[in-house]
Amino acid sequence: MIDALTWLFGLDELQFGSEGVSLGLARPISTWAWLAVVLAAAGLALWSYRRLAGNRRGRGALALVRTLLLVLLVIVLTGPQLVRSNERVERDWVIVLADRSASMTIADAGTHGRRVARDEQLKRAIAEHWPMWRALDNDRTLLWLGFDTGAYDLPPKRLDGEVVGVELGEPVGVRTSLASALDQALRRAAARPISGVVILSDGRSMDEPTRRSLRRLQAERIPVITIPLGSPDPVGDLAVAEARAPAMAFVDDTVPVRVRIDRLGSLTRALAGRVEVVERSTGLILAHKPLPTVWEDGTAWVTIPVRPRDAGEQAWAVRLVLDIPDLIEQNNHAEIAIELVDRPMRVAYFEGYPRWERHYLSTLLLREESITSSSVMLAANRSYTQEGDRLLATVPRSPEEWALFDVVIIGDVRPELFGTEQLANLREHVAVRGGGLLWIAGPGFTPTAWADSPLADLLPIRMGLLPSGLEPIVRYRRAVTMTRTDVAVALGVLELGDGPEGWPEVLSDPATGWSRLYWAQRIEPEAVKPTAQVLAEVVQGDDAPTPIVLSMRYGAGTVVYVGTDEIWRWRYGRGEALYERFWLPLIRSQGRESLARSARGAIFETSPRRAEIEQPVRVELRLLDQALVDQQLPTVSVRVRRVEPTPEAQPWAGVTLRLSAEQSASARHVSQTYSAAWVPDEPGRYVLEPTDPFLSGLELSATLDVLTPNDELRRPETDHALLATLSEQTEGTVLALDSIDELPALLPRREVTITGVPDIETLWDKPIVLALLVLLLTAEWVGRKLLQLA
């Protein structure tokens, strides 16, 4: 029957009896209206044939045909049709946001001493609970997104055609914007029924979710379920940012290794540990010092004296050894290369008359096995007496004869006892060959008598009346004590104490008696040359400190000036220990210059060393070599190039900076510093190098790390509180890693039934309907003819 009707009506897509197909009317009327139509049609038909003459039964049959005809016309007018509704159920969406920023590489998670990276936690949370994730995807629409500064799709991981996980990729984002990621995720699911948002993250973000996102989450009752990764406790990290050492040194020399340590993130307690210098090949610990206790802007410096024993090229490493595992172990070490020469340091010491300082210093040099010394006392008639383990046939005259000595010490002796050519060659020895010159002041001749000698430029003090009307040097009228400066700490000299402080407080305490210097020079600070550095100073009550030990670069060598000859008095307090620790490191630091010109003739650096985008950086070149200062160049060119761009950095061709000279306030207006400001606009690691020919050979360069604001690894601690707040604001839940399987039960059902435009097949316009009408009309007309009712 159904097939017959389908054939009669010529139906194709919609057919009688098909699933979901029903018979309907385009203009439906109620049941009572249909009853009225039938009664009216029947009544009209009966009334029209009641008065006609003819066979009663024939008229009744014709009335029935007319009734059917009228009812059929009404049916056609109501628009009979086949209807199939288009309804579908849209599954609700679950958005999963997986943190892919660089902070996920930090290994601060785990227990029982085994620490794993946050990224490892994330991978386990997916892999170990994959059946739950797969069931959730089968029941709902699961959208996997990775995020750092924004959100992006994570493709499925397939094995033999089957989805077995998610391709997370490496966590390389240098910063995290949870707000941007959440906004983009919600836009991806716009007009979709969202059951919930799941966030797997350490919470570290440079911003919080926007008010617009929160309003939508709250208005649509979308819970945010957060799964915190990493340690819930605040953590920090120590990093070896830089390690410096001379390129060459003597065997048995005390080599200062200068280490810069950066403190990243938050440290809730003081870390105990030490900084070690070790041989890379054997792991042998050469020297160590405790971790610093004083930090400035997250940075501290440690100077570790190392006394090497083996000659040749050595590979050392600096490493941090902490009482607990550090957050990022990879940045806890730095490598150092140094060449050690196995020969004694050669020292020549010239004095003008016997004095206690000369006696004890000559004895110290003679006793020290790592030093070969020649101590000469010159007389007015150019004769001399000498002692030491290397006797001189004559005072050195030529450059070659001066080159036999690594360090020359000049005490309180008249310059006239040397020839002009001798002193000029000594000056060349310091400036060209990197020899060291050590001045020991005295009441007779040093330094005043040397003001007009060929060595006047090698004095770190300007002689002659100062612009203020003061003499550059006068004698203190009372006994004084000295204390070292931070410059000495940086150079690794004047390390007289055994503890971490390096300088015994008793040396600066006049109450001890033996620490007082009864003869010392008061050096006016304005008399100090611009390139000189103060290693020790005299501090007396409320008076301003005045220099007493100075160091100055000159050409390839260094000059040290000691403004007292009473260091020998310290022997009364601590025996030879303090005396040796004062003189020997000073002499050795100068002797290393003759091995290699490793000491810097200039300091080139940036401030700060770690900057953020759009933060002004001061680029400074400070000349320490008086010979370089004397050139008086107005500007210096510096080339900036990027060596380690971040993934988000754009290609960059570099830039050239022009550093301008800054004039000092001294009488000669000598420029010792060149500077310029530079504002980096891209993250990465930059190398800055002066390009002027007069600085060639100094191998000057500076490294600048430019970070984005809120860089991931600058503050490596987690922010679980942010995740908890987000869950609370959206009526969500903070879910522990071991409770992930509970996730489906926490997600509300939000699927939506959508009714579309139904499929319609009209029946009233089919040929069979017209044929039926014609058939009924024809039947009535024929019947009337037969009954002769026309």
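Quantities reported herein were computed from a predicted structural model and do not represent experimental measurements. (Residues numbered from 1 in each chain as written. Predicted model: local features only at pLDDT ≥ 70, side-chain atom pairs only at ≥ 80, totals over all residues. Heavy atoms only, no water.)

(A) Seen up close, the packing of helix 2 (residues 31–50) against helix 3 (residues 56–78). The interhelical angle for the contact between helix 2 and helix 3, taken along N-to-C directions, is 145 degrees, at an axis separation of 8 Å. For the pair helix 2 and helix 3, the crossing hand works out as right-handed. For the pair helix 2 and helix 3, contact is made by Trp-34, Val-37, Val-38, Ala-41, Ala-42, Leu-44, Ala-45, Leu-46, Ser-48, Tyr-49 and Arg-50 and by Arg-59, Leu-62, Ala-63, Arg-66, Thr-67, Leu-70, Val-71, Val-74, Ile-75 and Thr-78, respectively. (Axes fitted to C-alpha atoms, helices over the stretch in contact; angles between N-to-C directions. Helix = DSSP H or I, 4+ residues; strand = E, 2+ residues; numbered from the N terminus. Left-handed = near helix turned anticlockwise from the far one by under 90°. Contact = heavy atoms within 4.5 Å.)

(B) Seen up close, the sheet that holds strand 17 (residues 333–341). An order of 11-17-16-13-14 is seen for the five strands of this open sheet, with the pairing classed as mixed. Each edge of the sheet is formed by a strand with only one pairing partner; in this case those strands are strand 11 (248–250) and strand 14 (285–290). Looking at each pair of strands side by side, their axes are set apart by 30 degrees on average, direction ignored. (Pairing = 2+ DSSP bridges.)

(C) Focus on the packing of aromatic side chains. Overall, the coordinates contain 14 aromatic pairs when judged by the stated rule. A ring pair is formed by Phe-418 and Trp-450, whose centres lie 6.2 Å apart and whose planes are at 50 degrees; its orientation type is tilted. Taken together, the residues span a long stretch of sequence, with Phe-418 in the loop between strand 21 (407–410) and helix 10 (420–433) and Trp-450 in the loop between strand 22 (436–440) and strand 23 (473–475) at a distance of 32 residues. As far as the burial class goes, Phe-418 and Trp-450 line up, both buried. Measuring from ring centre to ring centre gives 6.3 Å for Trp-503 and Trp-570, while their planes differ by 85 degrees; the resulting arrangement is edge-to-face. Of the two residues, Trp-503 sits in the loop between helix 11 (486–491) and strand 25 (521–523) while Trp-570 sits in the loop between strand 28 (557–562) and helix 12 (571–574), which places them 67 residues apart along the sequence. For Trp-503, a relative accessible area of 4% puts it in the buried group. A relative accessible area of 0% places Trp-570 in the buried class. One aromatic cluster in this structure is built from Phe-350, Trp-402, Phe-418, Trp-439 and Trp-450. Directly above the ring of Phe-405 sits Arg-390, whose terminal nitrogen or CZ lies 5.6 Å from the centroid. (Phe/Tyr/Trp six-rings, centres within 6.5 Å; stacked < 30°, edge-to-face > 60°. Buried < 20%, exposed > 50% of the residue type's maximum accessible area, 1.4 Å probe, protein only. Lys NZ or Arg CZ within 6 Å of the ring centre and 35° of its normal.)

(D) Structural context of the environment of Ala-135. Along the chain, Ala-135 falls in helix 5 (residues 130–139). Spatially, the C-alpha atom of Ala-135 lies 9.0 Å from that of Pro-744, the residues being 609 residues apart in sequence.

(E) View of a nonpolar patch on the surface. A contiguous nonpolar patch, built from Trp-781, Val-782 and Leu-786 and spanning about 350 Å² of accessible area, is present on the exposed surface. Along the polypeptide, Trp-781 turns up in helix 17 (residues 767–786). (Patch = residues over 30% accessible without salt bridge, like charges linked within 9 Å, V, L, I, M, F, W, Y side chains within 5 Å. Areas by Shrake-Rupley, 256 points an atom, 1.4 Å probe, with all protein chains shown as cover. Salt bridge = Lys/Arg side-chain N within 4 Å of Asp/Glu carboxyl O.)

(F) Inspection of the nonpolar core at higher detail. Counting 42 residues, the largest nonpolar core has Leu-361, Ile-409, Met-482, Trp-570, Phe-582 and Trp-583 as its most contacted members. Residue assignment for this core shows that the elements contributing at least two residues are strand 18 (345–351), helix 8 (356–367), strand 21, strand 22, strand 26 (532–538), strand 27 (546–554), strand 28 and helix 13 (576–595). Of the residues forming this core, the biggest block, seven residues, is contributed by helix 13. Beyond its immediate sequence surroundings of up to four residues, Trp-583 is in contact with Glu-357, Leu-361, Leu-364, Leu-438, Ile-440, Val-562 and Ile-567. Core analysis: the second largest hydrophobic core is formed by 36 residues, Leu-423, Leu-466, Trp-519 and Val-559 among them. (Core = buried A, V, L, I, M, F, W, Y, C linked by side-chain atoms within 4.5 Å.)

(G) Representation of the pattern of salt bridges within the structure. Tallying each qualifying case throughout the model produces 41 salt bridges. In this structure, Glu-731 and Arg-221 form a salt bridge, with 3.5 Å as the shortest nitrogen-oxygen distance. Of this pair, Glu-731 sits in the loop between helix 15 (720–729) and helix 16 (743–746) while Arg-221 sits in the loop between helix 7 (211–219) and strand 9 (224–228), and the two are 510 residues apart along the sequence. In this structure Arg-221 comes out as exposed when scored by relative accessible area, which is 53%. Between Glu-387 and Arg-358 there is a salt bridge, and its shortest N-O distance comes to 3.4 Å. Within this pair, whereas Glu-387 is found in strand 20 (residues 384–388), its partner Arg-358 is found in helix 8, the two being separated by 29 residues in sequence. Exposure remark for Glu-387: the relative accessible area of 34% places this residue in the partly exposed category. Among the residues examined, Arg-358 registers a relative accessible area of 13% and is labelled buried. Residues joined by salt bridges that share partners form a network here, namely Asp-92, Asp-139, Arg-140, Arg-749 and Glu-751.

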